[in-house]
Amino acid sequence: MIGYGHQYIDDADIEAVVSVLKSDFLTQGPFVTKFEQEICKITGAKYCVSVSNATAGLHIAVAALGLGYDAEGITTPNTFLASSNSMVYNHVKPVFADINPVSYNIDPADVEKHVTEKTKLLIPVHFAGLPCEMDKISAIAQKHNLRIIEDAAHAIGSQYADGSYVGNCKYSDMTVFSFHPVKTITTGEGGAVTTNDEALCQKLLMLRSHGTTKNENLLTKNPGPWYYEMQALGFNYRMTDMQAALGYSQLQKLDFFKKRRREIVAAYNKAFAGMQHLKTPVEPENVSSCFHLYAVQIDFSALGKSRTRVMQELRNKGIGTQVHYIPVHTQPFYKNTFGYKDGDYPVAEKYYEQELSLPLYPGMSDEDVENVIKAVKEIVG
Ligand SMILES: *Cc1c(COP(=O)(O)O)cnc(C)c1O
């Protein structure tokens, strides 16, 4: 069975984890620091705070901004639930802006339309690895005095049109990565927040560890080496050293992962070009996506087959697919809590109706890729 995504674990990864198990520190040991430093090196950010997963990272990133109880934030409906849930955890009202029909990323023009005097935060999501138009988004943020957290769960290794790497926080206050097994690199569960702002970094460190600090510069008094202070209501969102060792080892393969992902995408794009009912993803000039997903649009009604049937026919040939994403505002919780309804974000909804994510992961063999191409041409051709 070829799934829509799969982790890539080699002997070096296994040895890295085992070495931690034989060491003195199972959590918050040397590998956590090493992993965080490596993410800084790869992205160009000044600071990195690793966390237990990206949802936790988004939670404390929003919390670190201290937006109060009456704020609104804007994100895309074409995302995983955690992007907007992170606002709800912090009493920030989630507002959505519709997507661009070509990039499937949040549409800056629609963001502008949803800004009110309560808007304090933007969470753009680099869908499938493709960076959002951050120059336009940061211009909107500057104009209205908004903070920006980039949800880069899909986008480690991706480059903006200016060539710099997602996560450098050139256009934002913070960037959040996910290391769930289906994402580009994995730590089992895991995430990281990058920032260039030292004060935000200190807040993130505190919030991931019960709101406590031992940092001499932050303590209100310092009676001795045992002493710590709780200065905020925080959480236990720490990453273990086993996870960090795996993450560090995985990062050494990021260039290979990106190269292989892009090779597969290029093979798909070439094979599917000119298909009547299937549209391949578009990468704007100068942008370099690390392609987490291969998201195609299929006109199922013109094809005369339902998506369920196409998925089943592909499954019968050993090919797994998935759908990314059910527009978040159409989830019952969002409808019931915030009054959103079907039709509120028509571009995202139409996109969703036609979406199918085909297998994409670095461990796919050329034969796997050929099998997917053959099956898709047969079933959707
Ligand atoms: C996977 C994902 C998350 C959550 O990541 P976890 O590490 O599983 O908590 C957040 N946002 C997006 C866009 C994701 O795809």
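Fair warning: this is a prediction, and the values are worked out from it, not measured in the lab. (Residues numbered from 1 in each chain as written. Predicted model: local features only at pLDDT ≥ 70, side-chain atom pairs only at ≥ 80, totals over all residues. Heavy atoms only, no water.)

**Focus: the pairing of strand β2 (residues 72-75)**
Part 1 of the argument: On β2, burial covers both faces: Glu72 and Ile74 on one face and Gly73 and Thr75 on the other are all buried.
Part 2 of the argument: In this structure, β2 lies alongside strand β3 (residues 93-96), joined through 4 bridges in parallel fashion. Opposite Glu72, over in β3, you have Lys93 as the bridge partner.
Part 3 of the argument: Assessed by its sense of winding, the connection that carries the chain from β2 through helix α4 (residues 82-89) to β3 is right-handed. (Buried < 20%, exposed > 50% of the residue type's maximum accessible area, 1.4 Å probe, protein only. Helix = DSSP H or I, 4+ residues; strand = E, 2+ residues; numbered from the N terminus. Pairing = 2+ DSSP bridges. Right-handed = clockwise from strand over helix to strand, strands pointing away.)

**Focus: unusual backbone geometry**
Part 1 of the argument: With omega at -5°, the peptide bond leading from His324 into Tyr325 counts as cis.
Part 2 of the argument: The topology assignment puts Tyr325 in the loop between α11 (307-316) and α12 (332-338).
Part 3 of the argument: Located in the positive-phi region is Ala128, a residue other than glycine, with phi close to 65°.
Part 4 of the argument: Within the secondary structure, Ala128 sits in the loop between β4 (119-123) and α6 (134-144).
Part 5 of the argument: Positive phi, close to 65°, is recorded for His210, a residue that is not glycine.
Part 6 of the argument: Mapped onto the fold, His210 is located in the loop between α7 (198-207) and β8 (212-213).
Part 7 of the argument: Judged by relative accessible area, His210 falls into the partly exposed class, the value being 38%.

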